[in-house]
Amino acid sequence: MKNKATQIIRNTAVNIGRLLMAATFIFSGYVKAIDPLGTQYKLADYLQAMGLGSFLPEWTLLVGAVLLAALEFSLGIFLLFAIRRHLVSKIVLALMSIMTLLTLWIVIANPVKDCGCFGDAVVLSNGQTFIKNIILLAIALMLQKWPTSMVRFVSKKTQWIVINYTVIFALALSAWSLWDLPPFDFRPYHVGANIAQGMKIPQGAPQPQFETTFILEKNGQQKEFTLDNYPDSTWTFVDSKTVQTAEGYVPPIHDFSIQDNKTGEDITQEVLNDTGYTFLLISPTLAYADDSNFGRIDQIYEFAQDYGYRFICLTASSDKDIAKWQDITGAEYPFYTTDATTLKTMIRSNPGLMLLHHGTIIQKWSHNKLPQPEELNQPLEKSALGKMPSDSIPRKILLMLMWFVLPLTLLAIADRLWAWTTWVKKKKENANKIISTFNKKEKKMRKKIVAGNWKMNMNLQDGVALAKEINEALVADKPNCDVVICTPFIHLASVAQVLNAEVVGLGAENCADKEKGAYTGEVSAEMVKSTGAQYVILGHSERRQYYGETAEILKEKVELALKNGLKVIFCCGETLEEREAEKQNEVVKAELEGSVFHLDAEAWKNIILAYEPIWAIGTGKTATSDQAEEMLAYIRSIVAEKYGNEAAEETSILYGGSCKASNAPELFAKPNIDGGLIGGASLKAADFKGIIDAWKK
């Protein structure tokens, strides 16, 4: 009970932490994705602080900004849906470790005012960011330790849809925001903001505090004084210094000014107090501005001239760059100087266009989405251009929900409904089986299996071709039994790619008795499992005879195979001499007791037995159907002695020893023979399928 309670607490903590981490990453990635230029500027700030300002070109920073946003957003969604839990939890832990170290440096060195982790949407101090990252790092450690405790919202088969849709959505969102403008504007120069109001300091707001220290001299001795203890006139003034002791209220807009780049005249208030309309063409650096739409810009300038509206260009460019822009575009509008950082904050486009009305921002356009000529056929007072846009925040949120959240929600619901109906169907089938068992008083059906053992035959290309041929034949004509092909190690990974796992299972012919380490030439159970295999043959007489595999070695192999999720086809059988001496029962029982009878009942469910009379393997001799039935009945009886009648009735026992299509029907008709472990006849698709089809007769 205590362990169960601990597990419930752990699972609850993991899933709460997973949701908090997911929400943080999704929000952080989203605000970066809709403002890739803002993220680029922040990355440039970091490089500048590290002394690497000119190390990388701007386009690499922009690519990095887009990829970082996509990574954060995708990881958040993957955590939310519990997709690729092991891999994602490791990536999140690595990312949070790097971010925590980075923010520790920011706290100590204070190179930037805020880390920019949530863009302009939520501004945290460096200390707050560090605390946040410590908490997230702790959650990441928990998720990495117990990734499977995260509850899936979609099945593994559906995960690829969420993965691809999320990555594509994040990249498309950044691409659209670069082409147009960020759909959500968290900066102080958003549509609807009045610039003059944003520059005001509220009455009663805290003012910055300064302290002035005076250095005075008397009789050759210098001392420092403040206004509170300023001495008499016998002291001579030498110097003074003023330092800020406390920060005051900083208004949202505190660095906006417009100056004539020729006369130096400040026209800020003139522009903000204009009761009419003012077009502001904004370009932080004209040298890097996109000039592909200069014709549209000129049309808007002419429109402004016709109706008496102000049209000016704000830039931080040099006279040389302004002259070059005028040469390229034929621009006749006046140019004024504004701080480059301010211009980048005002609009995420170079160039971008902003429309003011009495100091209030009522429209913003990217250079790719400028007003069309047909929209410039009447005064702004009468047109939609002169009014606030109708795309409200709720409408934008609704569009985002419709384009991303709704499809994934519907996918999750459909996936869970499908899982539920499948579960109900299985429950119904199980119930029908139980009813059938009670009504007909029949014993529970065991799995019928035909397994091929290729042994050391065929190169990789021939093996893959054979596997493909077997797979195609069985997909076209569904078998009435489980089919497994066990191949040499070099075939496994390649063969796994061409098999339909629901029709043909894959197994190895052997695995090592060691978990890992310096065992040259060995292949571990973990390695076998990683190829896509589900089965492994252990205890084959050829391994016992030629490679000296003992019961103890096989015991180790069985345990490692089961530990790594493999089903074991365990072989047992006697030699001709042992049969002639009538010791076959004694030999087979000893082999089982020495290697598999130590397993508990749960582990035993993953054991398939294969009786192989050694004298009939590859010799052309075959035990008669009665001899085979007699031995398999005996094996089932000793399984019943060890694990009970129910387990014995559920254990599949195969016959292996020169089984062919010609004798398979007779062998498989016996009540205790549940299939065959096929050697030479499994090397040709037609022969192998002939044996498999014996279950249809």
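Residues numbered from 1 in each chain as written. Predicted model: local features only at pLDDT ≥ 70, side-chain atom pairs only at ≥ 80, totals over all residues. Heavy atoms only, no water.

By the naming in an unreviewed UniProt entry, the protein chain goes by Triosephosphate isomerase and is assigned to Segatella copri. Turning to the protein chain, the UniProt record has this under Subunit (unreviewed entry): "Homodimer." Taken verbatim from the UniProt record of the protein chain, the Sequence similarities (unreviewed entry) comment is "Belongs to the triosephosphate isomerase family." (UniProt positions renumbered as here; feature names shortened; annotations may be inferred.)

### Some points on the overall build of the protein chain
Each helix and strand counted, the protein chain has 24 helices and 17 strands in total. Its C-alpha atoms give the protein chain a radius of gyration of 39 Å, clearly above 26 Å, the size a compact globule of 697 residues would have. In terms of its C-alpha atoms, the protein chain occupies a principal-axis envelope of roughly 125 × 75 × 50 Å. A sequence separation of at least 24 residues applies to 74% of the contacts in the protein chain between residues at least 6 apart. Accessible area of the protein chain: about 36600 Å², with a carbon and sulfur share of 57%. Both charge centroids of the protein chain, one from 71 positive and one from 76 negative side chains, sit 9 Å from each other. (Helix = DSSP H or I, 4+ residues; strand = E, 2+ residues; numbered from the N terminus. Rg over C-alpha atoms; globule rule 2.2 N^0.38 Å. Contact = heavy atoms within 4.5 Å. Areas by Shrake-Rupley, 256 points an atom, 1.4 Å probe, with all protein chains shown as cover. Lys, Arg positive; Asp, Glu negative; His and termini not counted. Charge placed at Lys NZ, Arg CZ, Asp CG, Glu CD.)

### Focus: the UniProt feature "transmembrane region" (unreviewed entry) in the protein chain
Taken from the UniProt record, the annotation "transmembrane region" (unreviewed entry) applies to residues 12–31, 59–82, 91–110, 130–148, 160–179 and 397–418. Secondary structure content for residues 59–82 is 96% helix and 0% strand, while the C-alpha to C-alpha distance between its ends is 34 Å.

### Describing the pattern of salt bridges
All chains considered together, the criterion is met by 25 salt bridges. The partner of Asp513 in a salt bridge is Lys514, and the shortest N-O contact between them spans 3.2 Å. Overlapping salt bridges bring together Asp35, Asp120, Asp185, Arg187, Arg348 and Lys364 as one network. (Salt bridge = Lys/Arg side-chain N within 4 Å of Asp/Glu carboxyl O.)

### Describing the pairing of strand E10 (residues 449–453)
Counted residue by residue, E10 has 5 buried out of 5 residues, so it is predominantly covered. Neither face of E10 is left uncovered, since the one carrying Ile449, Ala451 and Asn453 and the one carrying Val450 and Gly452 both have all their residues buried. As defined by bridge partners, E10 adjoins strand E11 (residues 482–487) across 5 bridges and the pair is classed as parallel. Bridge pairing in E11 links Gly452 to Ile485. At this point the chain moves from E10, through helix H13 (residues 460–476), to the parallel E11, and the crossover so formed is right-handed. As paired elements, E10 and strand E17 (residues 675–678) share 4 bridges and run parallel to each other. Bridge assignment links Ile449 to a residue of E17, and that residue is Gly675. (Buried < 20%, exposed > 50% of the residue type's maximum accessible area, 1.4 Å probe, protein only. Pairing = 2+ DSSP bridges. Right-handed = clockwise from strand over helix to strand, strands pointing away.)

### Some points on the packing of H13 against helix H24 (residues 685–692)
Packing of H13 against H24 leaves a shortest axis separation of 10 Å and a crossing angle of 40°. As judged from the angle between their axes, H13 and H24 are oblique. For H13 against H24, the interelement crossing comes out right-handed. Across the interface between the two elements, Leu466, Glu469, Ile470, Ala473 and Leu474 of H13 pack against Ala685, Phe688, Lys689 and Ile692 of H24. (Axes fitted to C-alpha atoms, helices over the stretch in contact; angles between N-to-C directions. Parallel < 35°, antiparallel > 145°, perpendicular 65-115°, else oblique. Left-handed = near helix turned anticlockwise from the far one by under 90°.)

### Brief notes about H24
For an α-helix the count is 3.6 residues per turn, leaving residues at separations of three or four pointing the same way. The buried fraction of H24 amounts to 6 of the 8 residues, a majority that puts the element mostly inside the structure. Residues of H24 that are buried: Ala685, Phe688, Lys689, Gly690, Ile691 and Ile692. Tucked inside the fold, the buried residues of H24 contact E10, H13, E11, helix H23 (664–668) and E17.

### What to know about the domain arrangement of the protein chain
Under the domain assignment, the protein chain is made up of domain 1 (1–186), domain 2 (209–246), domain 3 (259–371) and domain 4 (449–694). A straight line from the C-alpha centre of domain 1 to that of domain 3 covers 36 Å. For the pair domain 1 and domain 3, the summed buried surface comes to about 940 Å²; carbon and sulfur atoms form 55% of the total. It is Tyr41, Trp179 and Leu181 that lose the most area in domain 1 upon contact with domain 3, and together they represent 52% of the buried surface on that side. The tally of links between domain 1 and domain 3 comes to 3 salt bridges. Between Asp35 and Arg348 there is a salt bridge whose closest N-O contact spans 2.8 Å. Counting across the domain 1 and domain 3 interface gives 6 residue pairs in polar contact (both at pLDDT 80 or more). Within the residue set of the side of domain 1 that touches domain 3, elements represented by two or more residues are helix H2 (36–49) and helix H6 (159–179). The class makeup of the residues in the side of domain 1 that touches domain 3 is 7 nonpolar, 1 polar and 4 charged. (Domains from an automatic or database assignment. Buried area = accessible area lost by both parts, 1.4 Å probe. Polar contact = N/O pair within 3.5 Å; in protein donor to acceptor, adjacent residues only side chain to side chain. Nonpolar A, V, L, I, M, F, W, Y, C, P; charged D, E, K, R; others polar.)

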